[in-house]
Amino acid sequence: MRTVLRAMARNRGALGGAIFLALVLALAAFAHVLFPQSPWDMAGAPFTPPGQDGFLLGTDSLGRDVAAGIAYGARVSLLIGAVSTLAALAIGVGLGALAGYAGGLIDDALMRVTEFFQTIPSFILAVVLVAIFSPSLASIVGAIAIVSWPPVARVVRAEFRTLRAREFVQAAEVQGRSRASIVCREILPNALPPIVVLASLMVASAILLESALSFLGLGDPNLMSWGFIIGAGRSVIQLAWWVSVFPGIAIFLTVLALNLLGEGLGEALDPRLRQGTRL
Amino acid sequence: MSSSPDLAANVPAPSASLQAGLARSLLGLALRGAARLAKMLAVLLAIAIVNFLLIHLAPGDPATVLAGQSGAADPQFIAQLRHSFGLDRPLLVQLWLYLRHIAMLDLGTSYTQDRPVLGLILDRLPATLLLTGAAFAFALIAGIALGALAARRAGKATDTAVTILALAFYATPIFWVGLMLVLVFSVWLGWLPSFGMETVGAGYRGLDHWLDVGRYLILPALTLGLFYMAVYARLTRAAMVEVAGQDFIRTARAKGLTEGRILRRHILRNALLPVVTFAGIQAGQLIGGSVLVEAVFAWPGIGQLAFNALLARDYPVLLGVFLCTAAMVVVFNLATDLLYRLIDPRMAP
Amino acid sequence: MSLLAVEHLSIALPPGGDRAHAVEDVSFTLEPGRVLCLVGESGSGKSVSAGAIMGLLPQALRPQSGTIRFEGEDLLAATPARLRSLRGARIGMVFQEPMTVLNPLMRIGDQIGEMLLAHRWAARALGPVKARIAALLEAVHLPDPGRIARAYPHALSGGQRQRVMIAMAMALEPSLLIADEPTTALDVTTQMQILRLLADLQRRRGTAVLFITHDFGVVAEIADDVAVMRHGRIVEQGTARQVLAAPAHPYTQSLIAAALHEGAPRIAAAADAAELLGVERLCKTYARAGIFTRTRARRALDSVSLSLRRGETYGLVGESGSGKSTLARSIVRLVQPEAGAIRLAGVDLRPLGRAAWKPFRKRVQMVFQDPFASLNPRMRVGEAIAAGPIAHGMARAAALARAADLLALVQLDPAAAQRFPHEFSGGQRQRIGIARALALEPELLIADEPVSALDVSVQAQILALLEDLRVRLGLTMLFITHDLRIAAQICDRVAVMRNGAIVEEGVTAQVFSHPAHAYTAALLDSVPGRNWRQGGAHG
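This one's a predicted model, so the numbers in the text were calculated from it and none came from an experiment. (Residues numbered from 1 in each chain as written. Chains lettered and ligands numbered in written order. Predicted model: local features only at pLDDT ≥ 70, side-chain atom pairs only at ≥ 80, totals over all residues. Heavy atoms only, no water.)

Some points on the side chain of C:D180
Thinking step 1. Within the secondary structure, C:D180 is located in strand β7 (residues 176-180).
Thinking step 2. The side chain of C:D180 sits in the buried core without any salt bridge; B:R250 is the nearest counter-charge, 5.5 Å away.
Thinking step 3. A polar contact of 3.0 Å, which involves the side chain of C:D180, links it to the side chain of C:S47.
Thinking step 4. Apart from residues no more than four positions distant in its own chain, C:D180 is found in contact with C:S47, C:M93, C:V94, C:F95, C:Q96 and C:I212. (Helix = DSSP H or I, 4+ residues; strand = E, 2+ residues; numbered from the N terminus. Buried < 20%, exposed > 50% of the residue type's maximum accessible area, 1.4 Å probe, protein only. Lys, Arg positive; Asp, Glu negative; His and termini not counted. Salt bridge = Lys/Arg side-chain N within 4 Å of Asp/Glu carboxyl O. Polar contact = N/O pair within 3.5 Å; in protein donor to acceptor, adjacent residues only side chain to side chain. Contact = heavy atoms within 4.5 Å.)

Have a look at this one:
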């Protein structure tokens, strides 16, 4: 663990990503302190350009503060990113572990289901799900989880399959240990690194997916989110570019930070990558 | 050429065995083809079932979902739907009736446009195919080129630049890239049109028409393609670096081949396999992304159709688009699978 | 003038390694038409030396001092382009792992042809490319050269691929062939065929060969001259006859002793002891079933029967794919055979389920082949050993205390219990694996190729440990190996397996001195250095 942390600290990208994520987290946590007013309220004149009248990032067509929207939007993005990733992990790890450990017909059946979910256009499925169940925090999280678990299941299954055939797992079997002990103590700890890396990348893609849904008008109507602000600013882009630009930058930097962190984790956890191969 | 007797005697045997071998491999090919086809149909059936479940899981009366929820639908129409889909009969019968509708290519009627959904989709399909095709071609070519460049100069400034570029496009929301391109190239610079597929009322014909469409195509195709370019560039780089470390590359060096030939003939060819596979799997994502891009650029494809249906809660259209895009992905996957078999001799029958 | 003269070559390792140099002050010469064996264990620097001659060292390794003269030309001073024109044309190379050395997407003929094209000036004298490829494939005794040339590598076996590599290396009639452990990854019979092919080609064409190996048996088979390497230095060199007959350096002596398997005379088991394990007509078929794909069934075990008496060591020998590992894994229920019986002290274990099997786990234990894969990298060694007894109801503290005792029993520091597997060498890990198996106090110990992944000198130690433990603890042992020399050293009785069936069985000395089955005879005939061994053992 210590070596992993040290390797992470040496990776400038991962370090930068972690620091930026901490900042976004702080912004989300203290949004109500920084901007006591609701982000939905009119705070000033419509279309105030950035820097004027004390609006750091300007106002939108209804005079709402873009900076406040971004701060409150950070809550939504991080919350949905984290919760939907946890839900997807729960489905993916469960099914993947079952398929990889059990093998045979169960594996076959579960993998067909996983393949099916990977084949169908996931974004359209998410749109249809949220539209039919009407947009809310729960339906958005559910839709994102349903379209993002297949890669987890595949990775976990592959790990379980290779680990199951490894001699130390067979040795545990020969020792007469219970299935639970073999899965929890022998297989899972060794399958964890790729799952951790995947999880950080999944939070990133969940944030992207949520922003796309909100952009299409499928966000929770009670929650201010980054995608919603961009969607609202879209029709007035000729008048007020800042309404669309700044929330986009917020999404970009957050997702970039998560990707950098994920790559750093991947390199730190995979000793093969740590050395770096040269062509 | 004079044929000696024993040579002539030998002829039938190999040709017979050749024929048998050919027959066997043809049979294998046919079986494999049948298997693929069966799998394809199974996926389509599963998608239809998912659609059916969505209609029934939705809050409220399935009939109103089928009719389009927000439309204050006329009670007679609702009653007719209820009868035609057997909504008062057991669930399995309903499923059967629904599947029969789908099998007869009846995807329902759009209440907003008062037209069969299938017709709406077929009208819009060419525009979407043009957009996704252009974006895919751009993404694949640019992505592989960039990835190969980065791998060739691994560890140097070029590699870092490509890696950063790829990482950046990988982290940017597609719709926002579209908006920014519009802002820069249409609003500020005025170089390219920002929405639509052709200049309305210009009445261009022939080549002029295509050039016109081409101008409209650039921004949406770039928007959709840049993200996937980033994906393919990263993938190509990683695959090439991995292949470069393999034993047969050392063999190639030991043979005294030039680095250029090793790169082209040995590294690149092997590295492209995972990229092609992944590109095939990603086809569904590309079509999904086109919904966003078409919404941003008002590109008159099925994505925009879905977006408008979404705004009007016109569910039959939305579900029809879902079904059709999924079918397109299945067909596309089949094509990649065949391509893969052509490239990789280990997969040959 | 020597064909190849390496003088005072030193190659530094990147800082932070366990030693400063990969190769230090190495000098040797190779005369035209002779075979020089560079012998050493893993990490001795033998492969690095070969890489330096070819100019194919990894980026991190750079020659520091010394010269490599090939046909009078200093290779360390040559330009990359010059080296490239020598590689393949004047210096050919054959590598260890035949499964990965060929490009999977290129036809065999194209891979050879590509090399002829790269050295057009040298190839022109040898006739048209297509005919040349066919002639080359024929020269390495590949059947149907035309078909092989059109085939892709995946259609060829390991031995066939190694023949292709040799054909490729010899394509331009180089004056030097470097062979880096070319037979290590092959089965014994294939190994002997490849050795004979190399020796034959070498004699006919007068090529000089630099042959890198860890096996003194191979040295006895093929070498004219020998240089023994250890920790990057050459400790002894001379003619093969001289070094094999009278090794001067203690390290060479220990390697040769290990290769001859001159263990202490073993205490034989009583020939009339009761049966502990009886396997009867055991069958296992691996099938790849599919709805549309044709089922290709493979018989891994074809009605196998054998019987182990209490206290004996029973050897199971055979080449890869013969079914010996499947048999071992069937006995401990890692593989489930579909027919037959596995009787442990009279109880048939085959029909038992997972739970009913559990009490028998204490009586049958297994030691695995790969010391790096057989220990959980994330579990402390003590925990790994104690996990078995804990699963069978022993208190945790008692189990951990016992783990420390067991580590002492396998001659490791009991403090090792607190450490993780990666802190140990291959041999030490194998001791840990043995301790783990012994933790349950088994009656029957199954050892599946327990030393094949280890260096020869370490092999000897582990074999001695196993023998010592067997006697002290009264174990019965089923010992699986592909190495007939090891089986001859430690087994009371052996069974020879081939294609899932036992072809011959009997008292070891009897089977090996008077093989009844042709396959056993072929196996024995393929043991490298067999003539030298007979001379060495008796003289």
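With respect to the pairing of strand β19 (residues 493-498) of chain C
Residues and elements named next belong to chain C.
Thinking step 1. Buried residues dominate β19, accounting for five of its six residues.
Thinking step 2. Of the pairings in the sheet, the one linking strand β13 (residues 313-317) to β19 comprises four bridges and is parallel in character. Across the sheet, the residue bridging to V317 is V496, located in β19.
Thinking step 3. Bridge analysis of β19 against strand β20 (residues 501-507) gives six bridges, and the strand direction is antiparallel. Following the sheet pairing, R493 is matched in β20 by V507. (Pairing = 2+ DSSP bridges.)

Details of the nonpolar core
Thinking step 1. Judged by nonpolar contacts, the single largest core of 134 residues is most densely connected at A:F123 and A:L216.
Thinking step 2. One finds C:L4, C:M93, C:I194 and C:A223 within the second-largest nonpolar core, a separate group that totals 96 residues. (Core = buried A, V, L, I, M, F, W, Y, C linked by side-chain atoms within 4.5 Å.)

Remarks on the sheet that holds strand β2 (residues 21-30) of chain C
Residues and elements named next belong to chain C.
Thinking step 1. Ordered in space as β2-β1-β4-β5, the four strands form an open sheet in which the pairing is antiparallel. Two strands lie at the open edges of the sheet, namely β2 and β5 (73-74), each paired on one side alone.
Thinking step 2. Each of β1 (4-12), β2 and β4 (62-70) is contacted by helix α1 (residues 46-54), which is oriented at about 115° to β1, the strand it contacts most. (Axes fitted to C-alpha atoms, helices over the stretch in contact; angles between N-to-C directions.)

A word on the interface of chain B and chain A
Thinking step 1. With 52 residues of chain B at the contact, the number on the chain A side is 42 residues.
Thinking step 2. Together, the buried faces of chain B and chain A total about 4300 Å²; carbon and sulfur atoms form 78% of this surface.
Thinking step 3. In this structure, B:R234 and A:E263 form a salt bridge, with 2.8 Å as the shortest nitrogen-oxygen distance.
Thinking step 4. Across the chain B-chain A interface, the total number found is five residue pairs in polar contact (both at pLDDT 80 or more).
Thinking step 5. Per element, the largest residue contribution to the side of chain B that touches chain A is nine residues, and it comes from helix α14 (residues 315-343) of chain B. (Buried area = accessible area lost by both parts, 1.4 Å probe.)

Quick look at the domain arrangement of chain C
In many reports, interface size means the accessible area that the parts give up when they come together.
Thinking step 1. With domains assigned, chain C is organised as domain 1 (1-84 + 176-185 + 210-260), domain 2 (91-173) and domain 3 (275-285 + 297-363 + 443-451 + 475-527).
Thinking step 2. Here the C-alpha centre of domain 3 of chain C lies 39 Å away from the C-alpha centre of domain 1 of chain C. (Domains from an automatic or database assignment.)

Considerations on the packing of aromatic side chains
Thinking step 1. Taken as a whole, this structure holds twelve aromatic pairs over all chains when the rule is applied.
Thinking step 2. An angle of 80° between the planes, with centres 5.6 Å apart, marks the rings of A:F116 and A:F117 as edge-to-face.
Thinking step 3. Residue A:F116 is classed as buried on the basis of its relative accessible area, which comes to 11%.
Thinking step 4. Residue classification places A:F117 among the partly exposed residues on the basis of a relative accessible area of 22%.
Thinking step 5. Between A:W241 and A:F246, the ring centres sit 5.9 Å apart and the planes meet at 50°, which makes this aromatic pair tilted.
Thinking step 6. One aromatic cluster in this structure is built from A:F116, A:F117 and A:W149.
Thinking step 7. Just above the ring of A:Y101 sits the side chain of A:R164; from NZ or CZ to the centre is 4.4 Å.
Thinking step 8. Stacked on the ring of B:Y170, the Lys or Arg B:R234 has its end atom at 4.6 Å from the ring centre. (Phe/Tyr/Trp six-rings, centres within 6.5 Å; stacked < 30°, edge-to-face > 60°. Lys NZ or Arg CZ within 6 Å of the ring centre and 35° of its normal.)

A short note on a nonpolar patch on the surface
Thinking step 1. On the surface, A:W241, B:V184, B:W188, B:L189 and B:W191 cluster together to form a nonpolar patch covering roughly 530 Å² of accessible area.
Thinking step 2. Among the structural elements, B:W188 can be located in helix α8 (residues 174-188).
Thinking step 3. Residue class for B:W188 comes out exposed when judged on its relative accessible area of 53%. (Patch = residues over 30% accessible without salt bridge, like charges linked within 9 Å, V, L, I, M, F, W, Y side chains within 5 Å. Areas by Shrake-Rupley, 256 points an atom, 1.4 Å probe, with all protein chains shown as cover.)

Description of the interface of chain B and chain C
Thinking step 1. On the side of chain C, 27 residues touch chain B, which itself brings 24 residues to the contact.
Thinking step 2. On the chain B side of the contact with chain C, B:A254, B:K255 and B:P345 bury the most area, a combined 24% of that side's loss.
Thinking step 3. Remark: the boundary between chain B and chain C carries two salt bridges.
Thinking step 4. The salt bridge involving B:R261 is made with C:E114; its shortest N-O contact spans 3.0 Å.
Thinking step 5. Where chain B meets chain C, there are 13 residue pairs in polar contact (both at pLDDT 80 or more).

Re the packing of helix α4 (residues 66-102) of chain A against helix α7 (residues 137-165) of chain A
Residues and elements named next belong to chain A.
Thinking step 1. Here α4 crosses α7 at 35°, and the two axes come no closer than 5 Å. Relative to α7, the crossing made by α4 is right-handed.
Thinking step 2. Broken down by class, the residue content of the contact of α4 with α7 amounts to 22 nonpolar, five polar and three charged. (Left-handed = near helix turned anticlockwise from the far one by under 90°. Nonpolar A, V, L, I, M, F, W, Y, C, P; charged D, E, K, R; others polar.)

Description of the sheet that holds β7(C)
Residue and element names in this part refer to chain C.
Thinking step 1. Reading across the sheet, the six strands line up as β6-β7-β8-β3-β9-β10 and stay open at both edges, with mixed pairing between neighbours. Since the sheet does not close on itself, it has two edges, and those belong to β6 (91-94) and β10 (233-239), each with one partner. Between one strand and the next, the sheet's axes are offset by a mean angle of 15°, whatever the strand orientation.
Thinking step 2. With six bridges connecting them, strand β9 (residues 225-230) and β10 associate as antiparallel partners. In the sheet register, V226 faces β10, and the bridge partner there is G238.
Thinking step 3. Lying over the sheet, helix α11 (residues 250-260) contacts β9 and β10, oriented at roughly 105° with respect to β9.

Brief notes about helix α15 (residues 396-409) of chain C
Residue and element names in this part refer to chain C.
Thinking step 1. The end-to-end C-alpha separation of α15 is 20 Å, in line with the 20 Å expected for 14 residues at 1.5 Å each.
Thinking step 2. On its buried side, α15 packs onto α14 (381-391) and α16 (426-438).
Thinking step 3. Within two residues after α15, Q411 carries a phi angle of roughly 65°, on the positive side. (Expected span 1.5 Å × (residues − 1).)

Some details on a positive patch on the surface
Thinking step 1. On the surface, a cluster of positive charge is made up of B:R152, B:R153, B:K156 and B:R264.
Thinking step 2. Looking at the element boundaries, B:R152 is found in helix α6 (residues 117-152). (Charge placed at Lys NZ, Arg CZ, Asp CG, Glu CD.)

Concerning the pattern of salt bridges
Thinking step 1. For the coordinates displayed, the defined rule picks out 37 salt bridges over all chains.
Thinking step 2. The partner of A:E186 in a salt bridge is A:R177, with the nearest N and O atoms 2.8 Å apart. By the burial criterion, A:E186 is buried, and A:R177 matches it.
Thinking step 3. The salt bridge involving C:E423 is made with C:R419; its shortest N-O contact spans 3.8 Å.
Thinking step 4. Given a relative accessible area of 38%, C:E423 falls into the partly exposed group.

Here we look at the confidence of the model for chain C
Residues and elements named next belong to chain C.
Thinking step 1. Overall, the predicted model of chain C reaches an average pLDDT of 88, with 95% of residues at or above 70.
Thinking step 2. Strand β16 (residues 364-367) holds the highest mean pLDDT among the elements of chain C, 95, whereas helix α21 (residues 530-538) holds the lowest, 61.
Thinking step 3. Contacts for the low-pLDDT stretch residues 289-295, under 50 throughout, to residues beyond four places or in other chains number seven contacts.
Thinking step 4. For this predicted complex, the interface confidence reaches an ipTM of 0.82, while the overall pTM sits at 0.81. (pLDDT = per-residue confidence, 0-100.)

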